[in-house]
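# Breakdown of the fold
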Amino acid sequence: MFCCVKGTSCNTGGKTVQQYSPAHSDAVTSLACLTPEYCVSGGKDKAVVLYNWRSGFAQQRYLEHERDVTKVACVFQSNRIFSASRDKTALMWDAESKGGPLQEFTGHELVVTGLAVSPDGLLLCTGSRDNTMCMWDVQTGHCLHNSSISRNLVTHVCWVPGESLVVQTSEDKMMRLWDSRELHVAHTFPVKQHIQTHCDTSAEGRYCVTSSNGFGSEGCEATLWDLRQTKDKVCDYRGHQQSTAACIFLPSGSTSVPLVATSSHDCTVKLWNRDTAACVSSYSLDGAGPLTSLASCDRASLLCGSFNRGIHVLAVNESRGCSLSEVARF
């Protein structure tokens, strides 16, 4: 339960946290940034929510899914929102409309667990626990290509910026690079020891980071991969005590240290120097339960989804060695 009501401040252990109206009534499962002010979230309450996280105002709430929302995705600075669900479908929404979905993508036989939209917004890639990857025409809703690989239980999908390539993680402990034009596997990366739970690509498309499940600090890491030259592991980020559920690249400045952020079931968010693998900051969200998802639209802020306390806004203070602090919650 949240400790405060809308527009009030919570005092948690001497820290003041602004409390806004909760975006969801149950666990938050996925996050994405639509604009510098608005984020999109999905939850176990079956809702997709468009929220102004800077002012604490829920702009839209979409309630067409019949079961938990598993993933959300969007093209930054657009008006198109995509969601996937345990109801085996993916939907497309208009951020400026309160009406129903603009498009429905149906065909998977099990829960949709991967969702990525091409940078031009014309193609949607989905993956499922049915071992199948699908490529869809956004305007028509038609499935252009599909490919099934035995035991490829998809956990996450992300598009490589500037490329016709999609990265995909799986419960078979593998990461695959797909060519979106014919939807075939262009490259398979070395198998990890643990299930790969999430993936993200850097803005210039050179690197990918994946996260692993685990327990008692065994596994629980994130891994940096080279997508262009060696197509091999660069380094591991180790320090979480339980499964690392999400990993993202933070937007970088021209002179700033490149950073990777991770969140874990151990209730901590960590920042890592991308190149040295050094942990530069760690922040505990005690009582939030397993942390599920991350999103960031600027260098100074990090959004984190949780099981018990909704979405947390963390400030990144680089003048203090990249320290993290919670400033708001919704």
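Conventions and cut-offs
- Residues numbered from 1 in each chain as written.
- Predicted model: local features only at pLDDT ≥ 70, side-chain atom pairs only at ≥ 80, totals over all residues.
- Heavy atoms only, no water.
- Helix = DSSP H or I, 4+ residues; strand = E, 2+ residues; numbered from the N terminus.
- Rg over C-alpha atoms; globule rule 2.2 N^0.38 Å.
- Buried < 20%, exposed > 50% of the residue type's maximum accessible area, 1.4 Å probe, protein only.
- Contact = heavy atoms within 4.5 Å.
- Areas by Shrake-Rupley, 256 points an atom, 1.4 Å probe, with all protein chains shown as cover.
- Pairing = 2+ DSSP bridges.
- Core = buried A, V, L, I, M, F, W, Y, C linked by side-chain atoms within 4.5 Å.
- Salt bridge = Lys/Arg side-chain N within 4 Å of Asp/Glu carboxyl O.
- UniProt positions renumbered as here; feature names shortened; annotations may be inferred.
- pLDDT = per-residue confidence, 0-100.
- Axes fitted to C-alpha atoms, helices over the stretch in contact; angles between N-to-C directions.
- Polar contact = N/O pair within 3.5 Å; in protein donor to acceptor, adjacent residues only side chain to side chain.

### A word on the overall build of the protein chain
- When its secondary structure is counted, the protein chain shows zero helices and 32 strands.
- Rg of the C-alpha trace for the protein chain: 18 Å, near the compact-globule value of 20 Å for 330 residues, within the 12% margin.
- For the protein chain, the spread of C-alpha atoms along the principal axes amounts to about 55 × 45 × 35 Å.
- Counting the 330 residues in the protein chain, one finds 58% classified as buried.
- For the protein chain, the share of sequence-separated contacts (at least 6 apart) that also reach a separation of at least 24 residues comes to 42%.
- Accessible surface for the protein chain amounts to roughly 13,300 Å². Of this, 47% is attributable to carbon and sulfur atoms.

### Examining the pairing of strand β29 (residues 291-298)
- Burial analysis of β29 places eight of its eight residues in the buried class, which makes it a mostly covered element.
- Direction of pairing for β29 relative to strand β30 (residues 301-306): antiparallel, over a ladder of five bridges. By the bridge assignment for β30, Leu294 is matched with Cys304.

### Focus on the nonpolar core
- Leu250, Val269, Leu271, Leu285 and Leu302 are the most contacted members of the largest nonpolar core, which has 18 residues in total.
- Secondary-structure elements contributing two or more residues to this core are β25 (244-249), β26 (259-264), β27 (268-273), β29, β30 and β31 (311-317).
- Excluding residues that lie within four positions of it along the chain, Leu250 makes contacts with Leu259, Ala261, Leu271, Ser296, Arg299, Leu302 and Val316.
- Counting residues in hydrophobic clusters, the runner-up holds 17 residues, among them Leu31, Tyr51, Ile311 and Ala328.

### What about the pattern of salt bridges?
- According to the stated counting rule, one finds 14 salt bridges in the structure shown.
- A salt bridge links Glu318 to Arg299; its shortest N-O distance comes to 2.8 Å. With a gap of 19 residues between them, Glu318 in the loop between β31 and β32 (323-329) and Arg299 in the loop between β29 and β30 connect regions that are remote in the sequence.
- Relative accessible area serves as the criterion here: at 35%, Glu318 is assigned to the partly exposed category.
- Via salt bridges that share partners, Lys192, Glu221, Lys233, Asp236 and Arg238 belong to a single interconnected network.

### So, the UniProt feature "repeat: WD" (unreviewed entry) in the protein chain
- The UniProt feature table records "repeat: WD" (unreviewed entry) at residues 62-97, 105-146, 154-188 and 237-282.
- This span, residues 62-97, is 0% helix and 53% strand, and a straight line between its end C-alpha atoms measures 10 Å.
- End-to-end, the C-alpha atoms of residues 105-146 are 13 Å apart, and along that stretch the chain is 0% helix and 57% strand.

### Some thoughts on unusual backbone geometry
- Residue Lys88 is not a glycine yet carries a positive backbone phi of 80°.
- Relative to the helices and strands, Lys88 is located in the loop between β8 (80-85) and β9 (89-94).
- Look at Lys88 and you get partly exposed, because its relative accessible area is 39%.
- Positioned with a positive phi, Lys231 is a non-glycine residue whose angle comes to about 50°.
- Position of Lys231 relative to the elements: it lies in the loop between β23 (222-226) and β24 (233-237).
- Judged by relative accessible area, Lys231 falls into the partly exposed class, the value being 25%.

### Things to note about the confidence of the model for the protein chain
- For the protein chain, the average pLDDT comes to 94, and 95% of its residues sit at 70 or higher.
- Long-range and interchain partners of residues 1-6, a stretch whose pLDDT sits below 50, account for 17 contacts in this model, where long-range means more than four residues apart.

### Quick notes on the sheet that holds β24
- In spatial order, the strands read β19-β20-β23-β24; together these four strands make up an open sheet with antiparallel pairing. The sheet is open, and its two borders are formed by β19 (196-201) and β24, each paired with just one other strand. Geometrically, the sheet is characterised by an average inter-axis angle of 20° between neighbouring strands, direction not taken into account.
- Note that strand β20 (residues 207-212) and β23 share five bridges and pair antiparallel. Considered in β23, the bridge of Ser211 is made with Ala222.

### Concerning the side chain of Asp172
- By secondary structure assignment, the location of Asp172 is in the loop between β16 (165-170) and β17 (175-179).
- Within the local environment of Asp172, its side chain forms a polar contact with the backbone nitrogen of Met174, the two atoms lying 3.1 Å apart.
- Here Arg176 takes part through its side chain, which lies 2.8 Å from a polar atom of the side chain of Asp172.
- Setting aside residues up to four positions removed in sequence, Asp172 forms contacts with Arg151, Asn152 and Val191.

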